[in-house]
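Geometric and topological summary
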Amino acid sequence: MNTEEIYNDNADKWLRLTPSSLSDFTARPLVFEACGELNARSVLDIGCGEGYCARELKRRGAGDYLGVDLSEQMVKAAQAQEAKDQYGIEYRACNVVEFNPDRQFDLCIAVFLFNYLRVEEMQRVFSMVYDALHPQGQFIFSVPHPFFPFIHRSQTPPFYFGSRGKNYFADVNQKFEGEIWKRSGEPLPVQCVHKTFGNYFDCLRRAGFSSMPEVKELTVTPELVAIDKAFFSPLLNEPLHLLFTISK
Ligand SMILES: C[S@@+](CC[C@H](N)C(=O)[O-])C[C@H]1O[C@@H](n2cnc3c(N)ncnc32)[C@H](O)[C@@H]1O
């Protein structure tokens with residue numbers, strides 16, 4: 001299925017002002033923590049969706065903020081919320097693979113964007129990000145854990161990617177369709193264009209990043225199970241997401 005259509009058709013389900021989907025608990029809080037003190041730092045948010053992360057980083061003190069997303073409906077939802085909040089966030093609808101920013105930023109975030117891009121597209125975007133960052137600028141991104149579709153085969157709540165018959169190495173760039181659930185019980189359609197661990201490291205190096213990234217493997221913790229056992233416990237201790245932090 002076409003990514004743009006998926007997000008245009010589901011923008012109203014994605015719009016949220018408080019944590020709602022599984023990864024609002026298992027990943028986004030750790031992305032925000034990795035961003036640290038914002039102190040008016042400028043932020044480029046690629047694949048910003050309806051602005052959930054943008055609003056949170058603005059509340060945490062971000063300065064100049066540009067969010068870009070492929071889906072016009074997601075951007076419209078973000079702009080409608082911005083009209084109410086007046087945080088000063090600029091949103092633009094565009095394909096990030098063809099995007100060249102008109103200014104540089106202190107921080108770039110990409111929260112579950114690269115699972116929609118092929119390796120060669122991700123490579124172009126990493127190079128764009130490298131150029132778009134000020135010296136010592138930071139790049140922070142989260143992606144599905146590359147092992148998750150192969151370790152977790154059952155297509156059940158609260159999260160899966162269908163990978164029947166797929167191979168970890170041979171099926172790079174294959175698109176796995178999946179779903180992630182909200183705690184309300186509503187599923188959201190998601191996709192994963194498969195990449196290996198090695199693809200992320202190779203693409204960062206080729207883009208010009210020369211330091212080691214910090215990589216965290218994110219999961220469902222016992223603390224989350226204590227909040228809502230029925231929702232979180234099916235994925236306790238499974239490798240769900242990766243969080244990369246790297247400096248220019
Ligand atoms: C899972 S959503 C995450 C949205 C937001 N980052 C968040 O954390 O709430 C993925 C987003 O990536 C966007 N996206 C996918 N491919 C894209 C592309 N080529 N260019 C820009 N955005 C893209 C989708 O439209 C969607 O809004």
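What you see is a predicted model; the values in this text were computed from it and never measured. (Residues numbered from 1 in each chain as written. Predicted model: local features only at pLDDT ≥ 70, side-chain atom pairs only at ≥ 80, totals over all residues. Heavy atoms only, no water.)

With respect to unusual backbone geometry
The step from Pro157 to Pro158 runs through a cis peptide bond, and the omega angle for that step is 5°. Its place among the elements puts Pro158 in the loop between α7 (148–151) and β6 (159–161). Its identity as a non-glycine residue notwithstanding, Ala40 has a phi of 65°, on the positive side. Note that Ala40 resides in the loop between α3 (28–35) and β1 (43–46). (Helix = DSSP H or I, 4+ residues; strand = E, 2+ residues; numbered from the N terminus.)

Digging into the sheet that holds strand β7 (residues 175–181)
Ordered by their spatial adjacency, 3 strands build an open sheet running β6-β7-β8, and the pairing between neighbours is antiparallel. Among the strands making up the open sheet, the edge pair consists of β6 and β8 (187–193). Direction aside, neighbouring strands of the sheet carry axes that sit 20° apart on average. Pairing of β6 with β7, which is carried by 3 bridges, proceeds in the antiparallel orientation. Across the sheet, residue Phe161 finds its bridge partner in β7, namely Gly178. (Pairing = 2+ DSSP bridges. Axes fitted to C-alpha atoms, helices over the stretch in contact; angles between N-to-C directions.)

Structural notes on the packing of aromatic side chains
Under the defined criterion, the tally for this structure stands at 26 aromatic pairs. Measuring from ring centre to ring centre gives 5.4 Å for Phe25 and Phe232, while their planes differ by 75°; the resulting arrangement is edge-to-face. Here the residue Phe25 occupies a position in helix α2 (residues 22–26), and Phe232 occupies one in helix α10 (residues 229–232), the gap between them amounting to 207 residues. Across the pair, exposure class does not vary: Phe25 and Phe232 are buried alike. Arranged with centres 4.6 Å apart and planes meeting at 10°, the rings of Phe141 and Phe244 form a pair that is stacked. Taken together, the positions of Phe141 in strand β5 (residues 133–144) and Phe244 in strand β10 (residues 241–247) put the pair 103 residues apart, joining distant regions of the chain. (Phe/Tyr/Trp six-rings, centres within 6.5 Å; stacked < 30°, edge-to-face > 60°. Buried < 20%, exposed > 50% of the residue type's maximum accessible area, 1.4 Å probe, protein only.)

Notes on the site of the ligand
With respect to spatial proximity, 21 residues lie near the ligand, and among them Arg28, Gly47, Asp69, Asn95 and Val96 are the closest. In this structure, Gly47 approaches the ligand through a main-chain N or O atom, which is 2.7 Å from a nitrogen atom. Note that a nitrogen atom of the ligand is positioned 3.0 Å from one of the backbone N or O atoms of Val96. Within the complex, the protein chains bury 97% of what would otherwise be the 600 Å² of accessible surface of the ligand. With 3 residues, the single largest contributor to the shell around the ligand is helix α1 (residues 3–14). The class makeup of the residues in the shell around the ligand is 13 nonpolar, 5 polar and 3 charged. (Near = heavy atom within 4 Å. Polar contact = N/O pair within 3.5 Å; in protein donor to acceptor, adjacent residues only side chain to side chain. Areas by Shrake-Rupley, 256 points an atom, 1.4 Å probe, with all protein chains shown as cover. Nonpolar A, V, L, I, M, F, W, Y, C, P; charged D, E, K, R; others polar.)

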